[in-house]
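# Descriptive structure summary
Spelled out from the first residue to the last, the chains are:
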Amino acid sequence: MAASDIDYYISLNSPWTHLGAARIEAIARQHGARLRVFPVEFGAVIFPASGGVPVPQRSKQRQAYRLAELRRWRSHLDIPIELDPTHFPFDEKLAAQCVIATRELTGDAQAVTLAHRILQALWEQDDNPGEREVLARLIAEVGLNPAALIAEADRDEWARQRRADSETALARGVFGAPSYVIEDEIFWGQDRLEFVARYLARG
C-alpha cells in the first residue's frame, strides 16, 4: 500500500460517515491520495470482537448524548440530516455488496460515490436503501447500471469479500465507523479528519 492510500472503513448506516463524506473526498483530492472504501460488517464481525454495541442496545444516556452530538454537528457543518430517519438501521448487506463489487470491478472513485449517495439517501432524504427499487435508483443516479450491478452484487463472492474485508479491518485495529487508515495509523471518526489532513501533508 502506498503512503497516500486511505483505507476508508465505513457502515452504510453511519451518520458520522455521512457527516464526513464530503470532507474526506476533498482531503483525498487535495493530497493526491487514493480513497478505497470498505463497507464492513460492524454488527456481525467487528463489534462482537471489539466491545462495540449497536445503537439500539446502548444505554439511554449514550443514546441521548449521540443525538445531542448529531444536532451539534448538523448545525456546525450545515448538513441537513434527519436525526431519527425512518429506515435506520436498514439491512445494508446488498447495498454494501454493490459498493464492494463496484470497487473491485469499476474503480475506487465510483465505489466511494455510490457509498456516499446511499448514505445521503438514508440521512437526508429518509429513503430506504435496503429496498431494491430505491437502491436501483441510487445506482442509476451515480451513472452505473442498476440491473447489472445488483445482479452481480447478489453473488456469494461479494458476501465473502465483505467478510474478508471485515476480518482485515479488525486485524488492523478498526472498531468504529468511519475509520480512516493510512499505513498503520487509524483515525476514528469524522471529527478526526483534521488529523488525517495533517498526516497526509507531512508526506
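Attention here is on the structure that accompanies the text. Just so you know, these numbers come straight off a predicted model, no measurement behind them. Per chain, residue numbering runs from 1 following the sequence as it is written. Reporting in this predicted model follows two pLDDT cut-offs: at least 70 for local features of residues, and 80 or more for side-chain atom pairs to be given and counted; totals over whole chains, interfaces and linings ignore these cut-offs and use all residues. To obtain the side-chain values, all non-hydrogen atoms of the structure were used and water was disregarded.

### Comments concerning the overall build of the protein
Using the following cut-off: By definition, any uninterrupted DSSP run of H or I lasting at least four residues is a helix, any uninterrupted run of E lasting at least two residues is a strand, and each is numbered from the N terminus. When we talk radius of gyration, it's over C-alpha atoms, and the globule rule is simply 2.2 Å times the number of residues to the 0.38. Buried means the residue's accessible area, taken with a 1.4 Å probe over protein chains only, is under 20% of the maximum for its type, while exposed means over 50%, and partly exposed covers the values in between. Contacts are residue-level and defined by heavy atoms, with any inter-residue pair within 4.5 Å sufficient. Per-residue and other accessible areas were derived by the Shrake-Rupley procedure at a 1.4 Å probe size, with only the shown protein chains allowed to occlude residues. Positive charges come from Lys and Arg alone, negative charges from Asp and Glu alone, with His and the N- and C-terminal ends not counted. Where a charge lies is defined by one atom per residue type: Lys uses NZ, Arg uses CZ, Asp uses CG and Glu uses CD.
A count of helices and strands for the protein gives nine helices and four strands. The globule rule puts the C-alpha radius of gyration for 203 residues at 17 Å, and the 16 Å found for the protein is close to it. In terms of its C-alpha atoms, the protein occupies a principal-axis envelope of roughly 40 × 40 × 35 Å. Across the 203 residues of the protein, 48% fall into the buried class. Within the protein, contacts between residues at least 6 apart in sequence are counted, and of these 72% link residues at least 24 apart. Roughly 9,900 Å² of accessible area belongs to the protein as shown, and the carbon and sulfur atoms make up 48% of that amount. Computed over 24 positive and 29 negative side-chain charges, the separation of the two mean positions in the protein equals 5 Å.

### Comments concerning helix H6 (residues 132-141)
Using the following cut-off: Relevant arc is that of directions from the helix axis to the C-beta atoms, nothing else.
When we look at burial in H6, the residues that qualify are Val134, Leu135, Leu138 and Ile139. For H6, the arc enclosing every buried residue in end-on projection is 135°, short of the 170-degree limit, so these residues lie on one face. The inward-facing, buried residues of H6 contact helix H4 (93-105), helix H5 (108-125) and helix H7 (146-153). Directly after H6, the chain includes glycine 143, whose backbone phi takes a positive value near 85°.

### Description of the pairing of strand E4 (residues 185-188)
A regular strand places its side chains on the two faces of the sheet in alternate fashion. As a reminder, the rule being used: Whether two strands pair comes down to DSSP finding at least two bridges between them.
Pairing analysis gives four bridges linking strand E3 (residues 179-182) to E4, with the strands arranged antiparallel. Each residue of the ladder has a partner; that of isoleucine 182, found in E4, is glutamate 185. Linking E3 back to E4 in an antiparallel pair, the connection comprises two residues, with glutamate 183 at a positive phi of about 55°.

### Brief notes about the pairing of strand E2 (residues 34-39)
Condition: By the criterion used throughout, a crossover qualifies as right-handed when its path from the first strand across the helix to the second strand runs clockwise, the strands pointing away from the viewer.
A large share of E2 lies buried, amounting to five of its six residues. Relative to E2, strand E1 (residues 5-10) runs parallel, the two being bridged by six bridges. Bridged to aspartate 7 within E2 is arginine 36. Read as a crossover between parallel neighbours, the route from E1 over helix H1 (residues 15-30) to E2 is right-handed.

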